[in-house]
Each structure stands twice: as C-alpha cells, then as structure tokens.
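# Structural characterization, general
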Amino acid sequence: MGFLDILLGRTKAVAPDLDQLFGLPSAALTLQAAAGFTPTGTGAVCFASVEGGAFAQAHQEVQELLDADAERTGPPVEVSRDEYGYSWLVSRREPDDLPALVNDLHAVNSALEGSGFGPQLLCSVAGFQDTGQRRLGLVYLYKRGTFYPFAPLTGEAQRRDNALELQVKAALADDLRIEQDLSRWFPIWGAPGL
C-alpha cells in the first residue's frame, strides 16, 4: 500500500484464507459455553452462478465429490437458488459432526476457487440454534476472509437480533477473525439451514 492509497483512503483487499473455516469447531465450543448455541449440522456455500460449460462442470464435480463420501448419512448434498438468483450448495451432517461439515464447506470453496471461479464465491454459513429455537448463522465472507454472526428473529419478517449478534461477536473475538465493519454484516434472508 502506497502513500497515495493512505491519503485517498484506499485499502488493499484481504486475500481469502479458507483455512479460517477450520476455526469453527473450536468457536462452536465457545459459542455453546457463552450463549447456549449448538450446531444444527447444516451448512452452505453461496455463489453467483455463471452460465457456461466450465462452471457447470466444476459445479457437478464438487457435488459428486461430496456425495461420494461413504460416511455421509441422510440427504445428499443439495443445490438451491434463492430469490436473489444466488446458488447455495447445502450440506447436512449430524449436529455433533461439525468438523465433517467444515470439511465439506472447505472442499466446495477450494474446488470452485481451484477451477478459477473464486470471484463467484460469496460466503459460507454454518447453522446453530439454542434450546429456545433461536437461530444463528456464522457467516464466512470469502472476499474478506472474516466471519460475522447473523441472527434472524423467529416469526418476524426479515428482522434480526442485533443484540445477540453483538454478544456473539464479543464471545468469539478470540476464536475467529470477526469482521469489524458492521456494514458488511449482510443479512442472508432465506439462507438454507437457517
């Protein structure tokens, strides 16, 4: 970063660090102790779809890779599209097998990135809930290399629990690289698994 960049307020983009995803299992322990949230076993990767054979082939390979896991039980990996036109590749594991879910999320991100589709990756999310059925997603922003909590309110039309999100931010500050710019805590309404 040069002197002119500093004067003009420009910053360098943070390179994605997919290995940050592997911090989720230890963060889940902290989250359970601090706020009573446990993993739901559902996670998803969101990406902007691209028309063309190369992207379709990469997408198919990723899905086949995850579906080939002999230890996977329950439904196969699913693909859905939200109302904004983004695609979600959804993986479901046993709630107590968060490391396997994290491996799935990492594999999807790595495969799409390795095929040259890193710019299409938007975020990954792992779902959590507490005994009161409050929902929480820990969202990894691919282009920022950071996490943020997203807590939609149950029964409310697109409202979120900001107090809970700030509580989770404080609780996980030592476990995950938390996004400090709150304006980047985008709502992911209708995200699979939340």
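Chains are numbered independently. Their residues run from 1 in the order of the written sequence. Where totals are concerned, whole chains, interfaces and linings use all residues; where local detail is concerned, this predicted model gives features only for residues with pLDDT of at least 70, and gives and counts side-chain atom pairs only at 80 or more. By convention in this description, side-chain values take in all heavy atoms of the structure and omit both hydrogens and water.

## Considering the pattern of salt bridges
Salt bridges, as used here, are contacts in which a Lys or Arg side-chain nitrogen is within 4 Å of a carboxyl oxygen on Asp or Glu. Under the definition given, this model contains six salt bridges. With a shortest N-O distance of 3.1 Å, Glu78 and Arg92 are connected by a salt bridge. One end of the pair, Glu78, is in strand β2 (residues 78-81); the other, Arg92, is in strand β3 (residues 86-92), and 14 residues separate them in sequence. Throughout, exposure labels follow a simple rule: accessible area from a 1.4 Å probe, protein chains only, divided by the maximum for the residue type, with under 20% read as buried, over 50% as exposed, and the rest as partly exposed. Looking at Arg92, the relative accessible area reads 28%, which means it is partly exposed. Working definition: helices are DSSP H or I runs of at least four residues, strands are E runs of at least two. Numbering for both runs from the N terminus.

## Points about the packing of aromatic side chains
Note on aromatic contacts: the rings of Phe and Tyr and the six-membered ring of Trp form a pair at centre separations within 6.5 Å, being stacked when their planes are under 30 degrees apart, edge-to-face when over 60 apart, and tilted otherwise. Within this structure, the stated rule accounts for three aromatic pairs. Aromatic side chains Tyr140 and Phe147 sit 5.1 Å apart centroid to centroid with 55° between the ring planes, which places their arrangement in the tilted category. Like Tyr140, the residue Phe147 is buried in the burial classification. Consider the rings of Tyr148 and Trp185, whose centres lie 6.0 Å apart with planes at 20°: the pair is stacked. Here Trp185 lies in the segment after α5 (162-171) and Tyr148 lies in strand β6 (residues 146-150), a separation of 37 residues in the sequence.

## Overview of the packing of helix α2 (residues 24-35) against helix α4 (residues 98-117)
Where α2 contacts α4, the axes come no closer than 9 Å and their chain directions differ by 135°. In this view, α2 runs oblique relative to α4, as classed from their interaxial angle. At the point where α2 passes α4, the crossing takes the right-handed sense. Mapping the contact onto sequence places Leu24, Pro25 and Ala28 in α2 and Leu98, Pro99 and Val102 in α4. By residue class, the composition of the contact of α2 with α4 is six nonpolar, no polar and no charged. An axis is simply a line fitted to the C-alpha atoms; with a helix, the fit covers only the stretch in contact. Between two such axes, the angle follows the N-to-C directions and lies from 0 to 180 degrees. Angular relationships are summarised with four words: roughly parallel below 35 degrees, roughly antiparallel beyond 145, roughly perpendicular across 65 to 115, and oblique for the angles in between. Each crossing gets its handedness from the near helix: less than a right angle anticlockwise from the far helix is left-handed, clockwise is right-handed. In this description, contact between two residues means that some pair of their heavy atoms is separated by no more than 4.5 Å. Asp, Glu, Lys and Arg are counted as charged, while Ala, Val, Leu, Ile, Met, Phe, Trp, Tyr, Cys and Pro are counted as nonpolar; the rest, among them Gly, fall into the polar class.

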